[in-house]
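# Notes for the structure review
The primary structure of each chain is shown beneath.
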Amino acid sequence: MADLMDLARAAAEKAYAPYSGFRVGCALETAAGGRFTGVNVENASYGLTLCAERSAVCQAVSAEGPGLRIARVAVICLGHEFPPCGACRQMLAEFALTGGATEVTFLKDGRLVMRTLAELLPEAFQLA
Ligand code: THU
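In this report, the structure presented in the accompanying data block is examined. (Residues numbered from 1 in each chain as written. Predicted model: local features only at pLDDT ≥ 70, side-chain atom pairs only at ≥ 80, totals over all residues. Heavy atoms only, no water.)

### Quick look at the site of the ligand
Inspection of the region around the ligand gives S20, F22, V24, N40, E42, T49, C51, A52, E53, F82, P84 and C85 as its neighbouring residues. In the model, an oxygen atom of the ligand is placed 2.9 Å from a nitrogen or oxygen of the N40 side chain. If the ligand stood free it would expose 370 Å²; the protein chains cover 80% of that surface. More than half of the atoms belonging to the ligand lie within 2 Å of the grid points that define the second largest pocket. Taken together, the residues of the shell around the ligand break down into seven nonpolar, three polar and two charged. (Near = heavy atom within 4 Å. Polar contact = N/O pair within 3.5 Å; in protein donor to acceptor, adjacent residues only side chain to side chain. Areas by Shrake-Rupley, 256 points an atom, 1.4 Å probe, with all protein chains shown as cover. 1 Å grid on protein atoms, 1.4 Å probe; cavity = no way out; pocket = protein on both sides within 12 Å on 5 of 7 lines; lining within 4 Å. Sits in = over half its atoms within 2 Å of the grid points. Nonpolar A, V, L, I, M, F, W, Y, C, P; charged D, E, K, R; others polar.)

In structure tokens form, the structure reads like this:
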């Protein structure tokens, strides 16, 4: 079975990023074992741009329904390094494992690093 990061890297090749040139791919695995990918989809009206992580979440929810939980996430940008942006962290938090235990892997200084979502987004917003 392909590594989650390999899936993310392959997905990034399909990104639609004519404005920034940042081709981002995301792959996630759900608690049910489903695997889904997403890419960033930019728009001439820049603010409408959709990040790869949120794109992957939409794919997963569309396939598994509202009860899905995200177990693991991998994200990569071809030629650049960054962790998920704040908006994506919040969207991942909506479907994270209990306590924010979802594992998020990304590249930093040329190495893969893993953080839990709770580490990336402590005290995430939620409707009490
Ligand atoms: N981008 C993502 O896909 N994920 C992130 O977490 C941060 C940024 C995309 C959005 C835009 O198309 C490009 O990267 C540059 O910001």
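### So, the pattern of salt bridges
Following the criterion strictly, the structure yields four salt bridges and no others. Between R23 and E13 there is a salt bridge; the shortest N-O distance is 3.5 Å. Of this pair, R23 sits in the loop between α1 (4-12) and β1 (24-30) while E13 sits in the loop between α1 and β1, placing them 10 residues apart in sequence. The residue R35 makes a salt bridge to E29 at a minimum N-O spacing of 2.8 Å. Residue R35 is classed as partly exposed on the basis of its relative accessible area, which comes to 25%. (Salt bridge = Lys/Arg side-chain N within 4 Å of Asp/Glu carboxyl O. Helix = DSSP H or I, 4+ residues; strand = E, 2+ residues; numbered from the N terminus. Buried < 20%, exposed > 50% of the residue type's maximum accessible area, 1.4 Å probe, protein only.)

### Focus: the layout of surface pockets
Put simply, the largest pocket is a space of about 330 Å³. Along its surface, the largest pocket is lined by 17 residues, and A93, E94, A124, F125 and Q126 are the ones closest to its centre. The residue makeup of the lining of the largest pocket, split by class, is 10 nonpolar, five polar and two charged. The calculated volume of the second largest pocket comes to roughly 160 Å³. (Points joined across faces, edges and corners; volume = space filled by probe spheres on them.)

### Considering the pairing of strand β3 (residues 70-77)
With seven of eight residues buried, β3 is to be regarded as a mostly interior element. Across seven bridges, the pairing between β1 and β3 is antiparallel. Following the sheet pairing, V24 is matched in β3 by C77. When β3 meets strand β4 (residues 103-108), the two strands line up parallel, connected through three bridges. Bridge assignment links V73 to a residue of β4, and that residue is V104. (Pairing = 2+ DSSP bridges.)

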